[in-house]
Structures are given as C-alpha cells and as structure tokens.
Amino acid sequence: MSEIAISDSIATRPDDELPSATTVALVQLALACGGFGIGTGEFAIMGLLPNVADTFSVTTPQAGYVISAYALGVVVGAPVIAVLAAKMARRTLLLTLMLVFAIGNILSAVAPTFESFTVLRFITGLPHGAYFGVAALVAASMVPVHRRARAVGRVMLGLTVATLLGTPLTTFFGQSLDWQVAFLSVGVVGLLTVVLIWVYLPKDRVSEEASFSRELGAFRRPQVWLTLGIAAVGYGGMFAMFSYIASTTTEVAMLSETAVPIMLVLFGVGMNAGNFIGSWLADKSLLGTVGGSLVYNIVVLTTFSLTAANPYMLGLSVFLVGCGFAAGPALQTRLMDVAADAQTLAAASNHSAFNIANAIGAWLGGLVIAWGYGFAATGYVGAALSFLGLFVFAASARLERRSTQVA
C-alpha cells in the first residue's frame, strides 16, 4: 500500500501529487459509509425512545436522556480526541474512531440496564465529531483546492443519506422486531467502514511539527471561534423546527401520524439537495455560501411558521428547511482555512458546534411552546437564531477584510 502525506496542509499539495480518481472515489465511499453509520445511529434512537423506555421500565422523557448523553459525548469527544491524537496518523485515527463507534453500538444493543445503556451512548458519541473532522481533512487533502468543499460534501453525504434512508429503515425494523436490532445494524456498518478504510485509504505520514500545543493553537485564533459561533448560533433554527416536527404535523397541520414519516423523508431529501448544492456553491464562494444560507434560513423558517397549518406548505417548508444544510460543507471547509496548522481540532470542533446548535434550538423551541405560542412558532425561533448568526458572520467577514488589507 502506498504512503501519502495527507496530514499536511490541505492547500499546498501540487495537483500532480494527488491520488488517482479511482483512489479518491473509493476513499470517499469508505468515509461516507462511516458517516452513514454515525448519522443512522444518532437519529434512529429518536423514533425508538418508547421501545427503549418499555425495555428498561422508564418513562419516555427519561429515555430521552440517552440522546443528551450521546450529544454530550460528541461535544466533549471532538476537541479532546483531536488534541490527544495530534501525533497519530489520520488513517490510524479514523480506524480507531470507527472501531470504538462500532463496538459502542454493539454493546448498546446488549446493555443490561438503563444506566449502562446511557453510559454506552455517551462513549459511542465520543468519536462522532473527530471522525467527521478528520474525514473531511483527508477528503479535502486528496483533491485540487478548488474542489475541496465538494470532497467534504461527498463525505457528509453519508450523514444526509442516513436521514433519508438509514434512520427510517432502522426505525422501522427496530419497531417491528426489536430496538436492539437497530444498534446492531449500526455496529455492523461501523465494522464495514473499518474494513473499507483499512483497504482503500493509503497510509499517511504524520507531520514532524504535529503536537498537542499546535492543535490547541486553533483556539487562539478569533476566526475559529467566530466560525464555530456561526454554526452554534446561526444554525440552531433547523433543530428548533425539526425537534418538534411530529407534533407540528399532527397538531398544527392536523395530519395523521402516518404523515410524520413523509415529513421526515422530505427533510432528508432537502438535506441531500442542500449538501449537493452547498458543496458546489462553497467551492465558488465560501463566505458567500455561509452568509447566503443564513439569510435563506431566515426566509424559509419564517415561511414555515406562517404556513404550517397548510399541509402542502408544511411539506414544502420542511423540504426547504432541510436544504439549509447547504452550509455544512462550507463551514467545515472554512474552519480548515482559518485554523492554519491546527486543522484537526478546528475541523472536529465543527460538529461540537452543531450539537450545541441542536441543544440550543430544541431548548428554545420548547420554551416557546411551553409559553403557549404553539408548535408552529418554532420557525420564528429558528429565524431569530439565524438573524443572530448573521451578526457573528458579519464580525467574521469584517475581520477577514481587515486581515486582507493589512496583508
């Protein structure tokens, strides 16, 4: 197996040193397979909470703690692993992360108590952010600079396809057979990813300058914090809406429960469309894609609230909100640019920021509902968060212009 320097800066490799198109495609497939497993494992539990609650004799709200435990694992694991693994080859790191993820899901399926199940979900969440961050860096390092965002988008395609196919299928079989089947299936996908990465991803050399302190240097860069802030604040709106889409469908649009899976599919289709279009746009204009998607989110989330009572408009709005995922590849690529030589920590932290956005969006959406404004008002919450995200984006763009003028 050949050895390549995929651990160096993603923007400095000459085109004639890049791997063949076949190698790149196989590596992207392997990395996307891992994304599919992670996405399926993260979202499938949401439709299986009642089943989990019955098994462990807890209430459904109590069963929801396992979702929080997984999210906490993502937030904690991404920066910690990125720093501790600073001197580890990225191929080795990806194999380790996916192996931990696979074993965590398999053990989750046979957990004897609710407490052990919750702990295992936390452990299984630890590799999530670091995997996506490192996978994005590897994918971007293997293509020309002007195709980086599209390479990142293909890796993240595994996550978006999971929302469209993986989550509905595992939820269906988990409800029909046993919820443990869902986690066993995700564990098998994780093991398959380990095999694919082992076979197709060339070995890489660790940069001699790699160190813990260099990675921690990412957090000394204002642009890293601003970019993470855009993700954490500006994109909480998608989660504010999505967290309560089932109740919005049945209690606002007055549709039957059978319509909820349709809404989930529409959201998944939107995410895939957004990932494809956003990747292409980001390679044309990185900052333009980030800023434009925030404005877009304000419009479509407001439309969601205004028209949620109409079943057809609700379906259209859910699809359009899903398209807001267009910012995902752009933000991931932006972090690679602003982190300079501390890319692993910055890239991994992107998923911590999105999980913070998830928590903020769901929490604020719940508050508005509790205050009596109704489920449709979650769109207004999302629009407000995107509006606040514009201020963070403006600060980042202003700092970018000043740095360019000084240079």
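So, here is what we can say about the structure in this document. (Residues numbered from 1 in each chain as written. Predicted model: local features only at pLDDT ≥ 70, side-chain atom pairs only at ≥ 80, totals over all residues. Heavy atoms only, no water.)

We now examine the packing of aromatic side chains. A full pass over the atoms with the stated rule returns nine aromatic pairs. With a centroid separation of 5.2 Å and an interplanar angle of 85 degrees, the aromatic rings of phenylalanine 387 and phenylalanine 391 are classed as edge-to-face. Note that phenylalanine 387 and phenylalanine 391 are positioned in helix H17 (residues 378-406) at a spacing of four residues, about one turn of the helix. The exposure class assigned to phenylalanine 391 is exposed, which follows from its relative accessible area of 55%. Clustering of aromatic rings is evident, with ring pairs tying together Phe56, Phe114, Phe117, Trp179 and Phe183. In this arrangement the basic side chain of arginine 91 is found over the ring face of tryptophan 198, its NZ or CZ atom lying 4.8 Å from the centre. (Phe/Tyr/Trp six-rings, centres within 6.5 Å; stacked < 30°, edge-to-face > 60°. Helix = DSSP H or I, 4+ residues; strand = E, 2+ residues; numbered from the N terminus. Buried < 20%, exposed > 50% of the residue type's maximum accessible area, 1.4 Å probe, protein only. Lys NZ or Arg CZ within 6 Å of the ring centre and 35° of its normal.)

We now examine the side chain of threonine 124. Summarising the element assignment, threonine 124 is placed in helix H5 (residues 114-141). Not counting chain neighbours up to four residues away, the residues in contact with threonine 124 comprise Tyr70, Phe101, Gly104, Asn105 and Ser108. (Contact = heavy atoms within 4.5 Å.)

A separate point is the packing of helix H4 (residues 90-109) against H5. Axis separation between H4 and H5 bottoms out at 8 Å; the angle between their running directions is 155 degrees. When the interaxial angle is binned, H4 and H5 end up roughly antiparallel. Relative to H5, the crossing made by H4 is left-handed. When H4 is examined against H5, the residues Arg90, Leu93, Leu94, Leu97, Met98, Val100, Phe101, Gly104, Asn105, Leu107 and Ser108 are found in contact with a partner set consisting of Phe117, Leu120, Arg121, Ile123, Thr124, Pro127, Ala130, Tyr131, Val134, Ala135, Leu137 and Val138. Here the contact of H4 with H5 is built from residues that sort into 17 nonpolar, four polar and two charged. (Axes fitted to C-alpha atoms, helices over the stretch in contact; angles between N-to-C directions. Parallel < 35°, antiparallel > 145°, perpendicular 65-115°, else oblique. Left-handed = near helix turned anticlockwise from the far one by under 90°. Nonpolar A, V, L, I, M, F, W, Y, C, P; charged D, E, K, R; others polar.)

Right, let's talk about the packing of helix H13 (residues 286-307) against helix H14 (residues 311-322) for a bit. Helix-helix packing is described using two parameters, namely the angle between the two axes and the distance between the axes. Where H13 meets H14, the closest approach of the two axes is 9 Å, and the angle between their N-to-C directions is 160 degrees. Taken together, the axes of H13 and H14 lie roughly antiparallel to each other. Relative to H14, H13 is oriented so that their crossing is left-handed. For the pair H13 and H14, the contacting residues are Tyr296, Val300, Leu301, Thr303, Phe304 and Thr307 in the first and Met313, Leu314, Ser317, Val318, Leu320 and Val321 in the second. Residue composition of the contact of H13 with H14, grouped by class: nine nonpolar, three polar and no charged.

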